[in-house]
Amino acid sequence: MNEKGYLALVLHAHLPFVRHPEYEDFLEERWLFEAITETYIPLLNVFERLLEENMDYCLTMSITPTLASMLTDPLLQQKYLRNLEKLIELADKEVTRTRWQSDFHQLALMYYHRFTHTRYVFVDKYKMNLIPVFRRLQEAGRLEIITCAGTHAYLPLALHRQAVRAQIKTGVDLYQKLFGTRPKGIWLPECGYNPGDDEILKEEGIKYFIMDTHGILFGSPRPKYGVYAPCYCKSGVAAFSRDMESSKSVWSSIEGYPGDYNYREFYRDVGYDLDYEYIRPYINPDGTRVNTGIKYYRITGKTDDKQPYVPSWATAKAAEHAGNFMFNREKQVEYLYSIMHPRKPIIISPYDAELYGHWWFEGPQWLDFLIRKINFDQKTIKLITPSRYLEIYPKNQVLTPSMSSWGWKGYSEVWLEGSNDWIYRHLHKAAERMAELAKANNHPHVDGLKQRALNQMARELMLAQSSDWAFILKTGTFTTYAVRRIRDHIARFTYLYEQVKENRIDEGWLKSIEDKDNLFPEINYRIYAE
């Protein structure tokens, strides 16, 4: 294949760490359960099928440390299975309820077969743990899995370098534990880049990171090839930048493919549509209606009069859109190659993984069609990962990227504004105190109980730093939960700080929060002393 350029599809898979062993059911734990059923397993089904057919493809996928921790947590695995079995029970009831409604009956059967297959895959095939499956796909050369900051902290707003280093190092260490190797790349949370953070990435052996378009375009000096070739920071770490054109065709809710009228309507769910007493056993235990994942309507148009979903129409549209995306990338690459020749351009197309299947039901199908079409229907572009591109083109321009993020306006405006600015004084003070105690206890003679307390302080600080809380406060959804999480983690951190300082650690209480906030079991507080 004599391609003229490359396409790097990058899927960012992330969810905040939500684990509540104190409750049998907890509303926000559904975020993980929905993502497993609707996104991660459907994507793995696509990737494995393509591998079995010996299809030539490669994608990049970030799996954040918080998501990886939840996917490997036995308690959450059991809770997910219980949630899935309730979903199968509901789908079975729906098959009966809709037996005289031909349009909906076929859809009810579709969901029943889909959920029972998911149960087979999760329990019998994957043994309730998705991480080894991702690892096998990486070892087969089909996925390049990259890491992320420990709890997805928004790094440009971290005042203390120790806090940034701890987030990066924790993410890299967990990656090595789960995938048996060091990560080649990293997804900076919210694409947030701060000049100098790349020095920390270099210390951890990371070769490249992904950032938003303007981070490279407004770099100093200006990039010779725009965003269609990586640039090296002075540290030697490469920065790849998002291509706006290909991103918009998928991301945009107005012009993007997911808004097509034949696709499934996300906002019409039987959890809200059906009789309350009928649906009551399948919604939140407090009686709050929630999405169940069973949705019978297509987008239809800008109307409340939604029409029944027709899977064959949606599948045909996904194939058409995959062809359109490929055609546009071919023309884009042909044009770029005519300018950059003999160098071949790379188009970086990053997306949230949860868009595929969860928000955009047909997303995994679209991806499957796209990969097949790239294999059989053209010779202009080839799929690639950033690390492979660096092997082909090891010499690149050196510049200093601009501080930047993705999201509204592109310079931290989502994570620092009126609704969430109050959290940073607490995070900065806690990071300062963490570094203080880490340095004071940076010797081998710290007793076991104090060591546990210091390690739990590190966990609580990291959990409070998650960028998700600031994002939720900005968007105005689940704000009560976000505020509770920030306050709980800062309160636990502060109480531990006082106990360590006064040498009066309450072991029973420490044990209780170790059981609740149990991520990163090998964390070492001394990372804050470096």
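Structure: above.
Bear in mind the structure is a predicted one, so any value in this text is a computation, not a measurement.

Rules and cut-offs
Residues numbered from 1 in each chain as written. Predicted model: local features only at pLDDT ≥ 70, side-chain atom pairs only at ≥ 80, totals over all residues. Heavy atoms only, no water. Helix = DSSP H or I, 4+ residues; strand = E, 2+ residues; numbered from the N terminus. Buried < 20%, exposed > 50% of the residue type's maximum accessible area, 1.4 Å probe, protein only. Areas by Shrake-Rupley, 256 points an atom, 1.4 Å probe, with all protein chains shown as cover. 1 Å grid on protein atoms, 1.4 Å probe; cavity = no way out; pocket = protein on both sides within 12 Å on 5 of 7 lines; lining within 4 Å. Points joined across faces, edges and corners; volume = space filled by probe spheres on them. Nonpolar A, V, L, I, M, F, W, Y, C, P; charged D, E, K, R; others polar. Patch = residues over 30% accessible without salt bridge, like charges linked within 9 Å, V, L, I, M, F, W, Y side chains within 5 Å. Salt bridge = Lys/Arg side-chain N within 4 Å of Asp/Glu carboxyl O. Disulfide = S-S within 2.5 Å. Contact = heavy atoms within 4.5 Å. Phe/Tyr/Trp six-rings, centres within 6.5 Å; stacked < 30°, edge-to-face > 60°. Pairing = 2+ DSSP bridges.

A. Looking closely at the overall build of the protein. When its secondary structure is counted, the protein shows 19 helices and 9 strands. Structurally, the protein occupies a C-alpha span of about 70 × 65 × 45 Å along its principal axes. Taken over 530 residues, the protein has a buried fraction of 61%. Carbon and sulfur atoms make up 52% of the accessible area of the protein, which amounts to about 21500 Å² in all.

B. Looking closely at empty space enclosed by the protein. For the structure shown, the criterion picks out 5 cavities of 30 Å³ or more. Of the voids in this model, the largest cavity is the one considered here, and its volume is about 170 Å³. Around the largest cavity, the lining is made up of 19 residues, and of these Tyr-154, Ala-158, Tyr-424, Leu-427 and Gln-465 lie nearest the centre. Elements supplying a minimum of two residues to the lining of the largest cavity: helix 6 (161-179), helix 15 (423-440) and helix 17 (467-475). Taken together, the residues of the lining of the largest cavity sort by class into 13 nonpolar, 6 polar and no charged. If you trace the second largest cavity, you find it lined by Phe-17, Arg-19, His-20, Glu-22, Arg-484, Arg-485, Asp-488, His-489, Arg-492, Lys-516 and Asp-517. With 5 residues, the top contributor of residues to the lining of the second largest cavity is helix 18 (residues 479-501). Residue composition of the lining of the second largest cavity, by class: 1 nonpolar, 2 polar and 8 charged.

C. The arrangement of a nonpolar patch on the surface in detail. On the surface, Leu-217, Phe-218, Met-403 and Tyr-411 cluster together into a nonpolar patch covering about 340 Å² of accessible area. Assignment of secondary structure puts Leu-217 in helix 8 (residues 213-217). According to the relative accessible area criterion, Leu-217 is partly exposed, its value standing at 34%.

D. Here's a closer look at unusual backbone geometry. In this model, Ser-220 is joined to Pro-221 through a cis peptide bond whose omega is -5 degrees. Structurally, the position occupied by Pro-221 is in the loop between helix 8 and strand 6 (231-232). Here the residue pair His-341 and Pro-342 is connected by a cis peptide bond, since its omega of 15 degrees sits within 30 degrees of zero. Along the chain, Pro-342 falls in the loop between helix 12 (311-340) and strand 8 (346-352). Phi is positive for Asn-54, which is not a glycine, with a value near 55 degrees.

E. Seen up close, the state of the cysteines. Within the structure shown, the criterion is met by 0 disulfides. No disulfide involves Cys-231; its nearest neighbouring cysteine sulfur is the one of Cys-233, lying 8.6 Å away. On the basis of relative accessible area, Cys-233 is assigned to the buried category, the value being 3%.

F. A look at the side chain of Arg-165. Inspection of the secondary structure assignment puts Arg-165 in helix 6. In contact with Arg-165, other than residues within four places in its own chain, are Ile-200, Glu-203 and Glu-530.

G. Broad picture of the packing of aromatic side chains. Across all of its chains, the model carries 33 aromatic pairs by this definition. Plain terms: the ring middles of Phe-240 and Tyr-389 are 6.5 Å apart, the flat faces sit at 80 degrees to each other, and that makes the pair edge-to-face. In this pair, Phe-240 is assigned in strand 7 (residues 238-241) and Tyr-389 in helix 14 (residues 386-392), connecting sequence segments 149 residues apart. The same class applies to Phe-240 and to Tyr-389, which are both buried. Judged by centre distance (6.0 Å) and plane angle (70 degrees), the ring pair of Tyr-351 and Tyr-356 falls under edge-to-face.

H. Structural detail: the pairing of strand 7. Burial of the side chains of strand 7 extends over both faces: Ala-238 and Phe-240 are buried on one face and Ala-239 and Ser-241 on the other. Pairing geometry for strand 5 (residues 208-211) and strand 7, over 4 bridges, is parallel. Bridge pairing in strand 7 links Ile-210 to Phe-240. Two elements, strand 6 and strand 7, share 2 bridges in a ladder whose sense is antiparallel. When the bridges of strand 7 are listed, Cys-231 appears paired with Ala-239.

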